[in-house]
Structure formats: structure tokens, C-alpha cells
Amino acid sequence: MNITRRQALALGAGAAVVTMTALPRLSLADTDAVKAAIDAVAGGATPEVANVTLTAPEIAENGNTVPITVAIDSPMTDDDYVTDVTILAAGNPAPGVATFHFTPMSGSAEATTRMRLAKTQDVIAVAKTSTGKVYMDRKTVKVTIGGCGG
Amino acid sequence: MAKSKPRVKVPKSADKDEVITIKTLISHKMESGQRKDKEGNPIPRQIINKFTCEFNGKPVFSCDLEPAISANPYLEFSARVPESGVFTFTWVDDDGSVYSKESKIKVN
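A brief look at the structure comes next.

Definitions and cut-offs
Residues numbered from 1 in each chain as written. Chains lettered and ligands numbered in written order. Predicted model: local features only at pLDDT ≥ 70, side-chain atom pairs only at ≥ 80, totals over all residues. Heavy atoms only, no water. Helix = DSSP H or I, 4+ residues; strand = E, 2+ residues; numbered from the N terminus. Buried < 20%, exposed > 50% of the residue type's maximum accessible area, 1.4 Å probe, protein only. Areas by Shrake-Rupley, 256 points an atom, 1.4 Å probe, with all protein chains shown as cover. Contact = heavy atoms within 4.5 Å. Buried area = accessible area lost by both parts, 1.4 Å probe. Salt bridge = Lys/Arg side-chain N within 4 Å of Asp/Glu carboxyl O. Polar contact = N/O pair within 3.5 Å; in protein donor to acceptor, adjacent residues only side chain to side chain. Nonpolar A, V, L, I, M, F, W, Y, C, P; charged D, E, K, R; others polar. Pairing = 2+ DSSP bridges. Disulfide = S-S within 2.5 Å. Core = buried A, V, L, I, M, F, W, Y, C linked by side-chain atoms within 4.5 Å. Arc of directions from axis to C-beta.

Here's the deal with the overall build of chain B
For chain B, the helix and strand inventory stands at zero helices and eight strands. Across chain B, helices and strands are ordered from the amino to the carboxyl terminus as β-β-β-β-β-β-β-β. For chain B, the residues scored as buried account for 41% of the 108 residues in total. Total accessible area on chain B stands at roughly 5,700 Å², and carbon and sulfur atoms take up 48% of it.

This is how it looks when you write it as C-alpha cells:
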């Protein structure tokens, strides 16, 4: 079988992508501090992984300003709306990043900000609704240059 | 440090009950308390720890900020506009300073 130079390159690149995405998955267990922070928001309930969309770059070149957007699927009416959304960074010196408080006046439960990430880690969003439901989403962000001083 | 200057982007007008996007930015160093100076002494934390947005006196959106928020904190969120009125934005500094800004909007 003849493989052209172009095909060989494509194969190599594909294999590299597979190994790079597979490896960091191994070491991402939540520390006690992160578990405690999630519990504090969820109030003991186990958050359901649904309805929350956390948008963050896959690779952040500069850990000092990482743009993140969190959006929650909710009707945002007086009876059923998202009250609080907490953003946590699992690998920072302190896991807390920000807590957004929404009201029915917010119209939609969506917010964007910029955060610091010390190293490659998971970013977690935990959302609480006025009906007592707790949802979450998480996203791994690779950081090239950490952003916590030092 | 130079005085923190808040900047806000709100549309001038909107339809009734339209959901608009508001963008805010305030210049602030957001000193995390994790960094050390040349002698190795920790630099004390000084951040904006709270942001609130009200419309005609009613709360719309607020946010508790932690040291993990970047310098010059940027926030983008949405608001429903039921009537013409004034948005009031406030930022609270660790040192007790309060920065605020107002923005009018007209409902067509």
C-alpha cells in the first residue's frame, strides 16, 4: 500500500490530537475544597448535569484573562427562574471565582466575565433555580501561562 | 493607583419587555492577595468584591467577585426592560469605596 507524504502527515497529526485530549482526563478528581464549595451552593443536593452551558476556551494562552460565559436554560418568569450561579475553578489556590445573582428582571440567565486560572484545570458552574433544582456543568481549560502571580 | 473608572454600555432605546445586553467594565487592579513583593512580603488583597445592577430601584443582576476575577473586571449580562427608566450600576471595593454609574433607557 502506498501512502503519500500528505496522508502520512495527516495521520500523524490525528494521532497527536488523540493522545493530547486523552491524557489530561486522567488526573481530574475534585479536591475536598472544591467538593465543599459545590455542596455549599447545592445545599446537600446532588447537582444534575443539565441545562447549564459553560463556554470557555479549550486552550487559554494567558491565565490572567480567560473569558467565560455561563448560560442556563430557564424560562426566567416570576415562578421559575435561576437565582444563583456560582463559578468555581478546581485548581486555583481558592476555588471560588464569582457568584451571579439573577432575578426575573434579568430576562435571561446568561453572564460573561474574565477570570484568572493558575494552571490547567476544570472550571465548574453550579446553578440554583427558584424551584430548588440544582444544575451544573464543567469544562477543562488548558492554561499555557498561569495567572495567579508568584 | 489611579481612580477606578467605570464604563457601561447600554442601548439608548428598546422595545417594551425586550431583553437587552449590558456590558460593564471598571478599571481596577484586582490585587489577589496571592502575590508577593520583591522582599517576599505578601501584597494585601484589594479587589472589587460586589457588583450590582438595579433598574428604577429594583434589583436586576448582582455578582459577588472573588480574587480569581481578572484585573479590570468585565461583566456582561442581560436585562428585561418593562418601561423607560434608569439603570444604576454600583461596584464595591474591599477598601470601602463605592463606584457607581447611571444609564438611561427609553422604551419605544
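Quick word on the environment of S74 of chain A
Residue and element names in this part refer to chain A. If you trace the backbone, S74 turns up in the loop between β3 (66–72) and β4 (82–89). S74 sits 34 residues away from S108 along the chain, and the two C-alpha atoms are 7.4 Å apart. Contacts of S74, omitting those with residues within four sequence positions, involve D80, Y81 and V82.

Overview of the interface of chain B and chain A
The interface is formed by 30 residues belonging to chain B together with 28 residues belonging to chain A. With both sides pooled, the region where chain B packs onto chain A buries about 2,300 Å², and carbon together with sulfur makes up 51% of that total. Seen at the junction of chain B and chain A, the total is zero salt bridges. Inspection of the region where chain B meets chain A yields 21 residue pairs in polar contact (both at pLDDT 80 or more). Elements with a contribution of two residues or more to the side of chain B that touches chain A: β3 (18–26), β4 (48–55), β5 (58–65) and β6 (74–81) of chain B. Tallied by class, the residues present in the side of chain B that touches chain A amount to 18 nonpolar, five polar and seven charged. Here strand β6 (residues 109–115) of chain A runs beside β6 of chain B; their pairing, made up of three bridges, is antiparallel. Each bridged residue has a counterpart across the sheet, and for A111 of chain A the counterpart in β6 of chain B is F77 of chain B.

Let's talk about the state of the cysteines
All names here are of chain B. In this structure the tally under the stated criterion is zero disulfides over all chains. As a non-bridged cysteine, C53 has C63 as the owner of its nearest cysteine sulfur, 12 Å distant. Looking at C53, the relative accessible area reads 1%, which means it is buried. Note on C63: relative accessible area 0%, which makes it buried.

A few points about the nonpolar core
In terms of nonpolar packing, the biggest core is built from 56 residues, with I87 and F100 of chain A together with F61 and F87 of chain B touching the most fellow members. Apart from the residues within four sequence positions on either side, F87 of chain B is in contact with V10, I20, I22, C53, E54, F55, V60, A79, K101, E102, S103 and I105 of chain B.

Side note on the environment of A118 of chain A
Inspection of the secondary structure puts A118 of chain A in the loop between β6 and β7 (121–129). Taking the C-alpha atoms as reference points, A118 of chain A and M105 of chain A, 13 residues apart in sequence, are found 35 Å from one another.

What about the pairing of β6 of chain B?
Residue and element names in this part refer to chain B. Burial within β6 is extensive, with six of its eight residues counted as buried. Pairing of β3 with β6 involves eight bridges; the strand directions are antiparallel. Each residue of the ladder has a partner; that of I20, found in β6, is A79.

Observations regarding helix α2 (residues 32–42) of chain A
Side chains of residues three or four places apart in an α-helix project in the same direction, reflecting 3.6 residues per turn. Residues and elements named next belong to chain A. Burial in α2 covers these residues: V34, A37, I38, V41 and A42. Projected down its long axis, α2 carries its buried residues within an arc of 125°, all on one side. Among the exposed residues of α2, those pointing more than 90 degrees away from its buried face are D32 and A40. Buried-residue contacts for α2 involve β4, β7 and β8 (134–145). Remark: G43 follows α2 within two positions and exhibits a positive phi of approximately 65°.

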